[in-house]
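Here's the letter readout for the chains.
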Amino acid sequence: MSTDTLGRLNAAQRAAVAFGAPDGEGRWRSGPLLVIAGAGTGKTTTLAARVAHLCLNGVAPERILLLTFTRLAAREMTQRAEQSVAAARQAQSAGARTGAAARVDWAGTFHALAARFLRHYHQSLGLEESFSVLDRGDSADMLDVERQALGYHKSRERFPQKATCLDIYSRTVNAQCPLAETLAAHFPHFVQWHDELKALFAAYVERKLAQQTLDYDDLLLYWYYLVEDERIARDISAHFDHILVDEYQDTNRLQADIIRRLRPDGAGLTVVGDDAQSIYGFRAAAVENILDFPTQFPGATVIKLEDNYRSTQEILDTSNALMLDATRSYQKALRAARGAGQRPRLVTVEDEQEEAHYLCEQVLERREQGVRLWHQAVLFRNSRHTLRLEVELGKRDIPYVKYGGLKYLETAHVKDVLAVLNWAENPRNELAAFRVLQLLEGIGPATARKACDALAAAAGDFAALDAVAGLPAGGRAGWDATSKLMQDLVSAPWPGQMERVLAWYQPLLERRYDQAFPREGDIEQLAQLANDYPSRRAFLTELTLDPPSASGDLAGPPHIDEDYLVLSTVHSAKGQEWDTVYLQHFSDGTFPNEFAAGDPHKLEEERRLAYVALTRAKNRLVLVNPLKYFVPQQPKLGDRHVYGSKSRFLTERVLATLEQGHWSSRQDEQPAWRRDLRVDLKDRARAMWR
DNA sequence: ACTAATGTCCTTTTT
DNA sequence: GGACATTAGT
């Protein structure tokens, strides 16, 4: 059997991996299984090993459905599983043929797999197979069109902005609850707009259907509608012997409903997660999904992984202390299998500039100690706070990659090029059409509208563009070139289409943007990326569902082989680990975010977020707290710098686990240093007698 | 009809 | 410091 896959695991991990038993035909079967995996307890290893175990025990790899939170996680898990299957087979048949490789094809995010199922069943849903997927920006823009059409934008009282409208819509869909509830619970200041929002969303839905465009939420929603039908649910479900779901604590109502539809009895269902790491409440994630799993699936087995293989005991002490302050107990105390190390440090610095200095110094010093840059990460709550750091890193020639926040795909020029491809793929996509046409000299909304109407009348034949009348005198040449390009793209083979688009776009780029040069580079990179995809459709869909900057695919840094420092939002850092972790801007207002201050639930989510950040570190953890920081609100009140207060998460219990200090680039700055130290002693002296 | 320029409000995290 | 709406100018 698969002793090799099981060999290096501890007892709990092994139980999770081998849960179940072979049936009469030698295929592995199991009932519902919930694995509670604390931070750093080998969750990925265990899940990958379970997949490998299944493959080695009679389950065909194509009969495994693996749902993950990011594409990166899917890739990592399938690769690991495939490797251990290959290794085990080789060991078994020493030297002989190793059999077919185990390729787990049905692995990916809920959204990516939803797109696959929807294209497959498009006829049953009355969708066209070529439907487009809208990213957040596109969705917001489309909502904005409706918002203006309905005249809400010029109300006397503030109507929510397009992005906020999308948040409200998205939350309502994902939580599957009435709009009134969403508003009351999460957007109380907008309850007055209930009826208008309802009308807005109705119009939005109509427009999406008319244009055959789906937003992120539609992918889940339509997948749910799909499996609501008994026959289709059975049809899909019959394709899979096992369904495994990662990061179950961050699934929302809709996702859980889909799983229930596919596996009403929980047969062959494995879910893995950690309630202490639930950090996607803002996206309507329902931590109840994991907490109530045993009730939802009676007879479910629960296995807890509690031995932490990642961090030193000191780092876990701080993390555990943080969670002891949580209002709800998670009954979890991580134990370090690795033993002791250095205490985590809490360092105050004067302001944000000093913070950037300090981080650079520390990173370089650590590198001197032999820790490569890519084993170090700076984590932050919000990407705006990294600007100074990025400048400082640039000055000192320290290479870095940034995950989360920075949006390569959302820059105007990249969106322009993608809009052309999107329009070619789906002529009904008016959002793309308007974007493309308005790039042309002398073409505004009115002319674009005419073009779209002509196109619709011609059933999407781009030749109809030639007949559009009333163009401005100077615009004819550009218009004809565009029309020709679109007609070419419909029939041209995919390789080479990007070149045509670039040739067309080049002059527009120069006319439109001041610094055309760096933008050209971005576009060329996009063209490179396009080569990796087999078709235009695959390129567009996967790009929106898995943007390069978020998953860690190239596109950002010039040379990925070189050593580089990692900058990441805490959210994007989920599931990752580094030797050294610096947590930037650890002060009240950022950690927790001021937005969360009033709401106990949000505050707890912020705490879990901090917990996720702390538990990323293996050997060294540094929290940096600037005493003075920039507050963008309240303009024109003199100095907009404000002395912030210490994070409320730094209770005496937590502080007791930390080593504290102050850092300054100017050696003569004694006062701040003394002030800080005095506070420290007070806290400790009190703590001793509590 | 389209473009450029000015004024006002808000500022998280992501598939 | 940026997004978005409105206004003035071509």
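Small disclaimer: the values here were computed from a predicted structure and weren't measured.

Cut-offs and rules
- Residues numbered from 1 in each chain as written.
- Chains lettered and ligands numbered in written order.
- Predicted model: local features only at pLDDT ≥ 70, side-chain atom pairs only at ≥ 80, totals over all residues.
- Heavy atoms only, no water.
- Helix = DSSP H or I, 4+ residues; strand = E, 2+ residues; numbered from the N terminus.
- Buried < 20%, exposed > 50% of the residue type's maximum accessible area, 1.4 Å probe, protein only.
- Contact = heavy atoms within 4.5 Å.
- Areas by Shrake-Rupley, 256 points an atom, 1.4 Å probe, with all protein chains shown as cover.
- Core = buried A, V, L, I, M, F, W, Y, C linked by side-chain atoms within 4.5 Å.
- pLDDT = per-residue confidence, 0-100.
- 1 Å grid on protein atoms, 1.4 Å probe; cavity = no way out; pocket = protein on both sides within 12 Å on 5 of 7 lines; lining within 4 Å.
- Points joined across faces, edges and corners; volume = space filled by probe spheres on them.
- Nonpolar A, V, L, I, M, F, W, Y, C, P; charged D, E, K, R; others polar.
- Near = heavy atom within 4 Å.
- Polar contact = N/O pair within 3.5 Å; in protein donor to acceptor, adjacent residues only side chain to side chain.
- Disulfide = S-S within 2.5 Å.
- Axes fitted to C-alpha atoms, helices over the stretch in contact; angles between N-to-C directions.
- Parallel < 35°, antiparallel > 145°, perpendicular 65-115°, else oblique.
- Left-handed = near helix turned anticlockwise from the far one by under 90°.
- Pairing = 2+ DSSP bridges.
- Salt bridge = Lys/Arg side-chain N within 4 Å of Asp/Glu carboxyl O.

1. Quick notes on the overall build of chain A
Per the secondary structure count, chain A includes 30 helices and 20 strands. In chain A, which comprises 690 residues, the proportion classed as buried is 54%. Taking the contacts inside chain A whose residues are at least 6 apart along the sequence as the reference set, 77% of them involve residues at least 24 apart. Per element, the accessible surface of chain A, about 30900 Å² overall, is 52% carbon and sulfur.

2. As for unusual backbone geometry
Cis geometry marks the peptide bond from Phe 591 to Pro 592, where omega comes out at 0°. Structurally, Pro 592 can be placed in the loop between β17 (578–583) and α28 (600–614). Positive phi, close to 55°, is recorded for Gln 212, a residue that is not glycine. Counting through the fold element by element, Gln 212 comes out in the loop between α10 (194–211) and β7 (213–214). Taking the relative accessible area as the measure of exposure, Gln 212 reaches 7% and is therefore buried. Here the phi dihedral of Ala 459 falls at roughly 55°; this positive angle occurs in a residue that is not glycine.

3. Quick notes on the nonpolar core
Grouped together as the largest cluster of nonpolar side chains are 65 residues, with contacts concentrated most on Leu 197, Trp 223 and Ile 236. Discounting residues that sit within four places of it in the chain, Ile 236 has contacts with Phe 117, Tyr 121, Trp 223, Leu 226, Val 227 and Leu 262. Counting 47 residues, the second-largest nonpolar core is a separate cluster that includes Val 436, Leu 437, Cys 452 and Phe 462.

4. Focus on the confidence of the model for chain A
In this model, chain A carries an average pLDDT of 86, and 89% of its residues clear a pLDDT of 70 or more. Taken element by element, the predicted model of chain A shows its lowest mean pLDDT in helix α26 (residues 548–551) (53) and its highest in strand β8 (residues 242–245) (97). Counting interchain partners and residues more than four positions distant, the pLDDT-below-50 stretch residues 550–559 has 14 contacts.

5. A few points about the layout of surface pockets
By volume, the second largest pocket amounts to about 800 Å³. Along its surface, the second largest pocket is lined by 31 residues, and Arg 71, Asp 105, Ala 107, Arg 116 and Glu 542 are the ones closest to its centre. Residue composition of the lining of the second largest pocket, by class: 14 nonpolar, 4 polar and 13 charged.

6. A short note on the protein's contact with DNA strand C
In the region of DNA strand C, the neighbouring residues are Asp 144, Arg 147, Gln 148, His 153, Lys 154, Gln 161 and Lys 162. In DNA strand C, the atoms that sit within 4 Å of the protein are 100% sugar and phosphate, with bases accounting for the remainder. A distance of 2.5 Å separates a phosphate oxygen of DNA strand C from a polar side-chain atom of Arg 147. Here a phosphate oxygen of DNA strand C sits 3.0 Å away from a polar atom, N or O, in the side chain of Lys 162. When the residues that make up the surface near DNA strand C are grouped by side-chain class, the tally is no nonpolar, 3 polar and 4 charged.

7. Observations concerning the state of the cysteines
Applying the stated rule across the entire model yields 0 disulfides. Free of any disulfide, Cys 177 has its nearest neighbouring cysteine sulfur in Cys 165, separated by 16 Å.

8. As for the packing of helix α19 (residues 412–425) against helix α23 (residues 497–512)
Here α19 crosses α23 at 135°, and the two axes come no closer than 10 Å. Taken together, the axis directions place α19 and α23 in an arrangement best described as oblique. Between α19 and α23 lies a crossing whose hand is right-handed. In this structure, α19 uses His 413, Asp 416, Val 417, Val 420 and Leu 421 to contact α23, whose residues at the interface are Gln 497, Met 498, Val 501, Trp 504, Tyr 505 and Leu 509.

9. What to know about the sheet that holds strand β5 (residues 107–109)
The 6 strands lie next to each other as β5-β4-β8-β9-β3-β10, forming an open sheet whose pairing is parallel. A single partner strand is all that each edge strand has here, and the edge strands are β5 and β10 (301–305). With strand direction ignored, the average angle separating the axes of adjacent strands in the sheet is 15°. Where helix α4 (residues 71–92) meets the sheet, its contacts fall on β4 (64–68) and β5, and the angle it forms with β4 comes to roughly 140°.

10. So, the packing of α19 against helix α20 (residues 430–437)
With their axes 8 Å apart at the nearest point, α19 and α20 run at an angle of 125° to one another. In terms of orientation, α19 and α20 fall into the oblique class. Handedness of the α19/α20 crossing: left-handed. Where α19 approaches α20, its residues Ala 412, Lys 415, Asp 416, Ala 419, Val 420, Asn 422 and Trp 423 are matched on the opposing element by Ala 432, Ala 433, Arg 435, Val 436 and Leu 437. For the contact of α19 with α20, the class distribution of residues is 8 nonpolar, 1 polar and 3 charged.

11. A look at the pattern of salt bridges
A complete count under the given rule lists 51 salt bridges for this structure. Among the ionic pairs, Lys 574 bridges to Asp 250, the shortest N-O distance being 2.4 Å. Of this pair, Lys 574 sits in the loop between α27 (570–573) and β17 while Asp 250 sits in the loop between β8 and α13 (253–262), and the two are 324 residues apart along the sequence. By relative accessible area, which is 3% here, Asp 250 ends up buried.

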